[in-house]
Amino acid sequence: ITLLTDFGTEDGYVGAIKGRILSKDPDIKIVDISHTIPKYDVRSASFNISNFVDYFPKGTIHLSIIDPGVGGKRKPLIIKTDNFVLITPDNGTASFIFESYRCEIFKIKTDWLKWVISDTFHGRDIFAPAAAELAIGKSIEEIAVPFEGEALTFVAKAKMIQNNKWELNVLHVDHFGNIITNLKKNQLEKNSDLKNCRIQIGKIFLHGIKKSYSDVNKGECLLLWGSSDYLEIAQNKGNANAFFNLTDKKKLFFEF
Amino acid sequence: ITLLTDFGTEDGYVGAIKGRILSKDPDIKIVDISHTIPKYDVRSASFNISNFVDYFPKGTIHLSIIDPGVGGKRKPLIIKTDNFVLITPDNGTASFIFESYRCEIFKIKTDWLKWVISDTFHGRDIFAPAAAELAIGKSIEEIAVPFEGEALTFVAKAKMIQNNKWELNVLHVDHFGNIITNLKKNQLEKNSDLKNCRIQIGKIFLHGIKKSYSDVNKGECLLLWGSSDYLEIAQNKGNANAFFNLTDKKKLFFEF
Amino acid sequence: ITLLTDFGTEDGYVGAIKGRILSKDPDIKIVDISHTIPKYDVRSASFNISNFVDYFPKGTIHLSIIDPGVGGKRKPLIIKTDNFVLITPDNGTASFIFESYRCEIFKIKTDWLKWVISDTFHGRDIFAPAAAELAIGKSIEEIAVPFEGEALTFVAKAKMIQNNKWELNVLHVDHFGNIITNLKKNQLEKNSDLKNCRIQIGKIFLHGIKKSYSDVNKGECLLLWGSSDYLEIAQNKGNANAFFNLTDKKKLFFEF
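Each chain carries its own residue numbering, running from 1 in the direction its sequence is written. Chains and ligands are labelled by the order in which they are written, letters from A for the one and numbers from 1 for the other. Reporting in this predicted model follows two pLDDT cut-offs: at least 70 for local features of residues, and 80 or more for side-chain atom pairs to be given and counted; totals over whole chains, interfaces and linings ignore these cut-offs and use all residues. The basis for the side-chain values is all heavy atoms of the structure; hydrogens and waters are excluded.

Participant: Help me understand the interface of chain C and chain B in this model?
Facilitator: Buried accessible area, meaning the area lost when the parts come together, often serves as the stated size of an interface. Here, residues are in contact when the closest pair of their heavy atoms is within 4.5 Å. With 31 residues of chain C in contact, the opposing surface of chain B contributes 32 residues. Salt bridges are counted wherever a side-chain nitrogen of Lys or Arg sits within 4 Å of a carboxyl oxygen of Asp or Glu. Linking chain C with chain B are one salt bridge. Lys211 of chain C is the partner of Asp119 of chain B in a salt bridge, and the nearest nitrogen-oxygen pair spans 3.8 Å. Two N or O atoms form a polar contact when they lie within 3.5 Å of each other; inside protein one atom must be a possible hydrogen donor and the other a possible acceptor, and for residues adjacent in sequence the pair counts only when both atoms belong to side chains. Summed over the shared surface of chain C and chain B, the result is 20 residue pairs in polar contact (both at pLDDT 80 or more). Counting only elements with at least two residues in the side of chain C that touches chain B, the list comes to β2 (31–34), α2 (42–52) and β10 (170–173) of chain C. Sort the elements by how many residues they give to the side of chain C that touches chain B and β2 of chain C lands first, with four residues. Charged residues are taken to be Asp, Glu, Lys and Arg, nonpolar residues to be Ala, Val, Leu, Ile, Met, Phe, Trp, Tyr, Cys and Pro, and polar residues to be all remaining types, Gly included. A per-class count over the side of chain C that touches chain B returns twelve nonpolar, 14 polar and five charged. Counting from the N terminus, the helices are DSSP H or I runs at least four residues long and the strands are E runs at least two residues long.

As structure tokens, then:
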């Protein structure tokens, strides 16, 4: 079971979740991914999930609890793909998963739970126990029913607005200040000629695509395909996000 | 063994502790709870411990090293309850545990330790090794003696100052800025009528108890019973602590 | 396998690394040391590694990925000592290890890797897979060749500038603000008389060496041998680094 939350690590919340899982079976393997996803930031969670699920062994259960709507009407989901299972509230966290994998969607039942369900901590009382049940070999059908209706999702891909001109958004800013845009390499035609490409960030232009951060001098900015093949704006040994001071609203244009 | 410290994660300290445990037996399971308890904050540690111990399997060893008095006169304790063991310096960390569980208290001996004990890092040199010994099946009596004298504790419960009027303190502010008070649900009589209850925070009043954060609009404040049944002041998708700017000294009054 | 990175925990990067390791064998034990080493800070990484390697069981594989030069010319190394293996880019991370242990150095080959190597994430694509191979019992020779040339290192020890007068640098500032200098206890002669020793920090002098933080009053500064036997400037329950506002350039002088 992997664990992704926005709980931070200064409280006992993550502990309660781990305890609930291990009390089902102390041999279940829990892998911390992150507990410092920005608070309530479903979009960031969604992108980050897409960065690691491919690297885990078949059958891994990914548990993601970024849940600003806890206690409200959003449903607790189990999303089954060929290789893994994702357990998450129905709030858009699974957007990137829906786009890239064949998914079956289930809604977690609560009749099998043996405790009072807190209105503010479904992570501990519903999601973690569901993950634990699957981890010890229970079938999804025993704790969930097929989900009817449409799961929440947001489309995140870059849009081509003219021939070879694209409008991009910021998907995520990472720990190093790298600005990851929503243009994925495979959205461009395979033989696109990027020699003269450029990106416009406000009034600044960056030209050409580099291979790695160290291809430019310290402090210089560059454009590259990041480790998940999204177009990324970076500054060698610096912080591109601090440098460009991007707001959510600023649009980026890429052309070649 | 669970691990709760205020060591932060930017140094090798947590690593030294984990290494010391695993060098006793690499198969011991270590579960990180938190390493970012506010520095020296025994009160926060004490509250957080009470939030997760109930969820772990019987026999779990909880190791808590928030130890501002390291090298001084405070004693290293092992606290045994029916379901778990807590290893901690005698500095109040166990206050909530003393209040809620039947406890036997032991003082760790040091004659069985085979290395020089650093004056500044008993976590690595005393507490972690003690946890490892218990984890591989040694009895408490082999590494500790019954503790004589009184263990340090602070009483943390809310006080009723008039009929149905309570004076509260802040117990903890969590990662989301939720203000957790020291009034626990079971301190009120079971059939208390809370329909017209209100809390006074400085000059502001909050009325009624909601069930979950999403019962009010984004940015609105509310009162609810938190996931550990303490009365909690929250702001939907916001940060109640930043909103109210509470200082430690401000008193809260709850009446119904 | 232990894990030390500067990746932070707000992205999916650490997850990708853990997944890559576990997909080789889900039973490999991964121990988080830290993911919040200051960005690109090879010096801090190097010091922190020296603080925990001695405490882990024989045969542990330590994986350290602080890699500002990723995609550039620096080589991926495997460093073998009698008790452990360190996998790291050749950028000085291993300086303290080179100083204290007999080391054999290897360069990781890449011909055995079955995927496209990203230019920005060798942690996921080279270093973690190498660690996983060793963890399942492969020999170093199968995935690496002896390293020719000189591995990058920086000398970090304090210098004696006059009889019993030393010039020190700051090695690391820890989570508590303790200033750890590069004077190690064993650099002084065994019978040195430190009764009248003092350290000069700008215009301030601290006299004598204490045993533990609690030997002085709250808020008072002191000098002591830290838990790894380096001379350390601390403030009881405070933050010495904030107090002295040291810059990297300020020199420290210790005499006795």
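Once the structure has been displayed, the description carries forward.
Participant: I'm lost on the sheet that holds strand β15 (residues 230–235) of chain A in this one. Help?
Facilitator: Pairing between the strands of a sheet is mediated by backbone hydrogen bonds and can be parallel or antiparallel. All names here are of chain A. Taken in spatial order, the four strands line up as β10-β11-β15-β14 in an open sheet, and their pairing is antiparallel. If you trace the sheet from one side to the other, it starts and ends with β10 (170–173) and β14 (221–225), each paired once. Neighbouring strand axes in the sheet, compared pairwise and without regard to direction, differ in orientation by 25° on average. Here the rule is simple: two strands pair whenever DSSP picks up at least two bridges between them. For strand β11 (residues 179–184) and β15, the ladder comprises three bridges, and the chain directions are antiparallel. When the sheet's bridge partners are listed, Ile180 is paired in β15 with Glu232. Only the contacting stretch of a helix is used when fitting its axis, a line to C-alpha atoms as for every element, and angles between N-to-C directions run 0 to 180 degrees.

Participant: Hey, could you run me through the relation of the copies chain A and chain B in this one?
Facilitator: Superposing the two chain copies requires a rotation about an axis and a translation along that axis. Each copy is superposed on the other by least squares, with the fit set by C-alpha atoms of residues at a pLDDT of at least 70 in both. Each copy of the sequence occupies a distinct position, and chain A is placed on chain B by a rotation of 120° and an axial shift of 0.0 Å, giving an RMSD of 0.0 Å. With respect to symmetry, the two chain copies, as superposed, fit the operation of a three-fold axis. Closest approach to the rotation axis within chain A is made by the C-alpha atom of Asp32 of chain A, at a distance of 5.2 Å. Here only 6% of the interface residues in chain A have copies in chain B that are interface residues too; the copies meet through unlike faces.

Participant: When you look at the interface of chain A and chain B in this model, what are you seeing that I'm missing?
Facilitator: Across the contact, 32 residues belong to chain A and 31 residues belong to chain B. Summing the contributions of chain A and of chain B, the shared interface buries around 2700 Å²; its carbon and sulfur component is 55%. Linking chain A with chain B are one salt bridge. Here chain A is connected to chain B by 20 residue pairs in polar contact (both at pLDDT 80 or more). Of the residues forming the side of chain A that touches chain B, the biggest block, eight residues, is contributed by helix α1 (residues 13–24) of chain A. Here the residues of the side of chain A that touches chain B are counted per class, giving ten nonpolar, eleven polar and eleven charged. Put simply, buried area is how much 1.4 Å-probe accessible surface two parts lose in total, over both of them, once they are put together.

Participant: Quick question: what am I supposed to make of the packing of α1 of chain A against helix α4 (residues 122–135) of chain A here?
Facilitator: How two helices pack is summed up by the angle between their axes together with the distance between the axes. Residue and element names in this part refer to chain A. Relative to each other, α1 and α4 sit at 35°, their axes nearing to 9 Å. Where α1 crosses over α4, the two elements pack in a sense that is right-handed. On the side of α1, the interface is formed by Ala16, Ile17, Arg20, Ile21 and Lys24, while α4 contributes Gly123, Arg124, Asp125, Ala128, Pro129, Ala132 and Glu133. Looking at the contact of α1 with α4 residue by residue, the class counts come to six nonpolar, one polar and five charged. With the far helix as reference, a near helix turned anticlockwise by less than a right angle produces a left-handed crossing, and one turned clockwise produces a right-handed crossing.

Participant: Help me understand the pairing of β11 of chain A in this model?
Facilitator: Every regular strand shows the same layout, with side chains that alternate between the two sheet faces. Each residue is assigned to one of three classes by its accessible area relative to the maximum for its type, calculated with a 1.4 Å probe on protein chains only: buried under 20%, partly exposed between the two thresholds, exposed over 50%. Burial analysis of β11 of chain A places five of its six residues in the buried class, the great majority of the element. Turn length for the β10 of chain A-β11 of chain A hairpin, with the two strands adjacent in sequence and antiparallel, is five residues, and the turn residue Gly177 of chain A shows positive phi of about 85°.

Participant: Could you clarify how one ought to interpret the relation of the copies chain C and chain B in this entry?
Facilitator: Rotating chain C by 120° and translating it 0.0 Å along the rotation axis places it on chain B, where the RMSD comes to 0.1 Å. Little of the interface of chain C is mirrored in chain B, where only 6% of its interface residues are also at the interface.

Participant: What is the right way to read α4 of chain A from this model?
Facilitator: Because an α-helix packs 3.6 residues into every turn, residues spaced three or four apart end up facing the same way. All names here are of chain A. With 14 residues, α4 extends 18 Å from end C-alpha to end C-alpha; this agrees with the ideal 20 Å at 1.5 Å per step. In this analysis the local bend is the angle between axes fitted, respectively, to the seven residues ending at and the seven residues starting at the residue. At Ala128, α4 shows its maximal bend, which comes to roughly 30°, and the proline Pro129 appears one to four places after that position. In terms of residue burial, α4 counts as a mostly covered element, since 13 of its 14 residues are buried. A positive backbone phi angle near 110° is found at Gly137, which sits one or two residues after α4. Given the number of residues in a helix, its expected span is that number minus one, multiplied by 1.5 Å.

Participant: Even after reading the chapter, I still don't get the environment of Pro76 of chain A, so can you show me in this structure?
Facilitator: Mapped onto the fold, Pro76 of chain A is located in strand β4 (residues 76–80). Assessed through its relative accessible area of 10%, Pro76 of chain A is described here as buried.

Participant: So what exactly am I meant to see when it comes to the sheet that holds strand β13 (residues 204–207) of chain A here?
Facilitator: Residues and elements named next belong to chain A. Taking strand neighbours across the sheet as the criterion, the five strands line up as β8-β9-β16-β12-β13 in an open arrangement whose pairing is antiparallel. Both edges of this open sheet fall to β8 (159–162) and β13, since each of them pairs with a single strand only. Strand after strand, the sheet turns through a mean of 25° between neighbouring axes, direction not considered. One ladder, built from four bridges, connects strand β12 (residues 198–201) with strand β16 (residues 252–255); its direction is antiparallel. From the neighbouring strand, Gln200 faces β16, where its bridge partner is Phe253.

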